[in-house]
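Chains, contacts and geometry: an overview
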Amino acid sequence: MQKAKLALKTDTQSHTVIHLSDTVTVGGKDLLIVGGPCAVEDRAQMEAVASQLAIAPIQAIRGGVYKPRTSPYDFQGLGLEGLQILAAVRQRYGFPVITEVMAIAQIEEIAAHADVLQVGSRNMQNFDLLKALGGVNKPVVLKRGLAATLEEFVMAAEYILSHGNPHVILCERGIRSFDTYTRNVLDLGAVVALKQITHLPVIVDPSHAAGKRELVADLARAAIAAGADGIMVECHPVPEKSVSDARQALSLDEMVELVRSLKAIAAAVGRTLPEGAGSLPRLLFV
Ligand code: PEP
Ligand code: MN
């Protein structure tokens, strides 16, 4: 970590609070709970997610429109149509939205529709993409590479920071190991270490770590207990029908239940679960 200049803590107390919107932050006392499907599929799906998770509550919505799929024959995402769905849901429900950027050419369009740009594991060391995101005035969620050391992870963040964007959120999402029972291995040791050595917010994605929905809630709770600043969890109105990552998706009811169960754990580690950023659409009140 010797070459990192901007990501490291200057003193043991320093921590950066990042705004996702006027009211939603990560890195302070408030935890950040992000929910949503792996991929945006249609407007009805995202409306169901937003309306049902407003009561959980969650603070931000996720959904991929450019999907890094292992097979080129699998669904690649809705692209611009998906961004328009995200923007409509954000407008209607007030949630900040997070979506993945895979290429420099997508940055402008995504930044015009979303609040937070996600760099996926497969692009953690796409240095040209990282440099370009340094010039963007929106927060970036940087996911740990499939087999990245912590030094490589922090140096990837350093690329974005050193190119001018101070709003970097680190995301531990599991790393490859020898066992195939879980999709990846959730490295909670990395969460504790990153919180000690960097001032950046650290969130955990238990969904891609586990790969199996029955493991997700317990891993999410463990992440908060270990000091993570938030979680990002895949959930879907009809999980088994998800076009991607169906096996790891929670139902919306399970997501609500998970968020409720976090309250006591948050309190035990000196954190709070904020009110949701979203609300029921105004139409319901007229
Ligand atoms: C995702 O968040 O849907 C995703 C593709 O994650 P990762 O880059 O961690 O595999
Ligand atoms: Mn996914």
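Bear in mind that the values here come from a model prediction, so they are computed numbers and not experimental data. (Residues numbered from 1 in each chain as written. Chains lettered and ligands numbered in written order. Predicted model: local features only at pLDDT ≥ 70, side-chain atom pairs only at ≥ 80, totals over all residues. Heavy atoms only, no water.)

Here the focus is the confidence of the model for the protein chain. Summing up the model confidence of the protein chain, the mean pLDDT is 96 and the portion of residues at 70 or higher is 97%. Confidence drops under pLDDT 50 across residues 282-286; counting only partners more than four residues distant or on other chains, this segment forms two contacts. (pLDDT = per-residue confidence, 0-100. Contact = heavy atoms within 4.5 Å.)

Below, the discussion takes up the coordination of the manganese ion (ligand 2). Here the manganese ion (ligand 2) is held by Cys38 (SG), His208 (NE2), Glu234 (OE) and Asp245 (OD), and the distances to it run 2.0 to 2.4 Å. In terms of primary sequence, the donors binding the manganese ion (ligand 2) are separated according to C-x169-H-x25-E-x10-D. In this pair, Cys38 is assigned in the loop between strand S3 (32-36) and helix H1 (43-53) and His208 in helix H7 (residues 206-210), connecting sequence segments 170 residues apart. A single burial state applies to Cys38 and to His208, both of which are buried. (Donors = N, O, S within 2.8 Å, 3.2 Å for Na, K, Ca; no water. Helix = DSSP H or I, 4+ residues; strand = E, 2+ residues; numbered from the N terminus. Buried < 20%, exposed > 50% of the residue type's maximum accessible area, 1.4 Å probe, protein only.)

Turning next to the side chain of Gln248. Examined against the element boundaries, Gln248 turns out to sit in the loop between strand S10 (230-234) and helix H9 (252-268). Side-chain polar atoms of Gln248 contact the side chain of Arg183, separated by 2.8 Å. Among the polar contacts made by the side chain of Gln248, one reaches the side chain of Asp245 at a distance of 3.2 Å. Apart from residues no more than four positions distant in its own chain, Gln248 is found in contact with Arg183, Ser207, His208, Gly211, Lys212, Arg213, Val216 and Glu234. (Polar contact = N/O pair within 3.5 Å; in protein donor to acceptor, adjacent residues only side chain to side chain.)

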